[in-house]
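# An overview of the molecular structure
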Amino acid sequence: MAKVKVTQIKSTIKRPKDQKATIIAMGLGKINRTVEVENTPQMAGMIRKVSHLLKVEEA
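Procedures and definitions
- One numbering rule holds for all chains: residues counted from 1, following each sequence as written.
- A pLDDT threshold of at least 70 governs which residues receive local features in this predicted model, and a stricter bar of 80 or more applies before side-chain atom pairs are shown or counted, although totals over entire chains, interfaces and linings include all residues.
- To obtain the side-chain values, all non-hydrogen atoms of the structure were included, while hydrogens and water were left out.
- For helices the rule is a DSSP run of H or I covering at least 4 residues; for strands it is a run of E covering at least 2, with both sets numbered from the N terminus onward.
- Only protein chains enter the accessibility calculation, which uses a 1.4 Å probe; a residue whose area is less than 20% of its type maximum is buried, one above 50% is exposed, and one in between is partly exposed.
- Any two residues whose heavy atoms approach within 4.5 Å at even a single point are treated as in contact.
- Each accessible area is a Shrake-Rupley estimate made with a 1.4 Å probe; only the visible protein chains count as cover when residues are assessed.
- This count recognises Lys and Arg as positive and Asp and Glu as negative, with His and chain-terminal groups excluded.
- Note that the charge is assigned to NZ on lysines, CZ on arginines, CG on aspartates and CD on glutamates.
- In the sections that follow, a salt bridge refers to a side-chain nitrogen of Lys or Arg positioned within 4 Å of a carboxyl oxygen of Asp or Glu.

## Let's talk about the overall build of the chain
In terms of regular secondary structure, the chain is built from 2 helices and 3 strands. Listed N to C, the secondary structure of the chain is β-α-β-α-β in terms of helices and strands. Principal-axis analysis of the C-alpha atoms gives the chain an extent of 35 × 20 × 15 Å. Looking at the 59 residues of the chain, the share that counts as buried comes to 29%. Excluding contacts between residues fewer than 6 apart, the proportion of contacts in the chain whose partners are at least 24 apart in sequence is 72%. Roughly 3,900 Å² of accessible area belongs to the chain as shown, and the carbon and sulfur atoms make up 53% of that amount. Taken as two groups, the 12 positive and 5 negative side-chain charges of the chain have centres that lie 12 Å from each other.

What follows is the structure, encoded as structure tokens:
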């Protein structure tokens, strides 16, 4: 599988609980924190769910 680099660029303040939980499950939680993850169908769904809070790049 390909890897993607995911960076949180917006805050989770005033966001629904499910979006906050998704950000935490991805290993993020603070602005400008970056993680490198496998591009699995499960991770792609998580990225799509909170895409408005993230910046995604190919790794």
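After that view of the structure, there is still more to cover.
## Quick word on unusual backbone geometry
Phi is positive for Lys-14, close to 60°, though the residue is something other than glycine. One can find Lys-14 in the loop between strand 1 (3–8) and helix 1 (17–25). For Lys-14, a relative accessible area of 80% gives the class exposed. Notably, Asn-32 is not glycine yet its phi reads approximately 70°, a positive angle. Structurally, the position occupied by Asn-32 is in the loop between helix 1 and strand 2 (34–38). Owing to a relative accessible area of 61%, Asn-32 belongs among the exposed residues under this scheme.

## Examining the pattern of salt bridges
Taken as a whole and judged by the stated rule, the model has 3 salt bridges. Salt-bridge contacts for Glu-38 lead to Lys-3; the nearest nitrogen and oxygen are separated by 3.6 Å. With Glu-38 in strand 2 and Lys-3 in strand 1, this residue pair connects regions lying 35 residues apart in the sequence. When the shortest N-O distance is used, the salt bridge between Lys-55 and Glu-57 registers 3.7 Å. Judged by relative accessible area, which is 32%, Glu-57 ranks as partly exposed.

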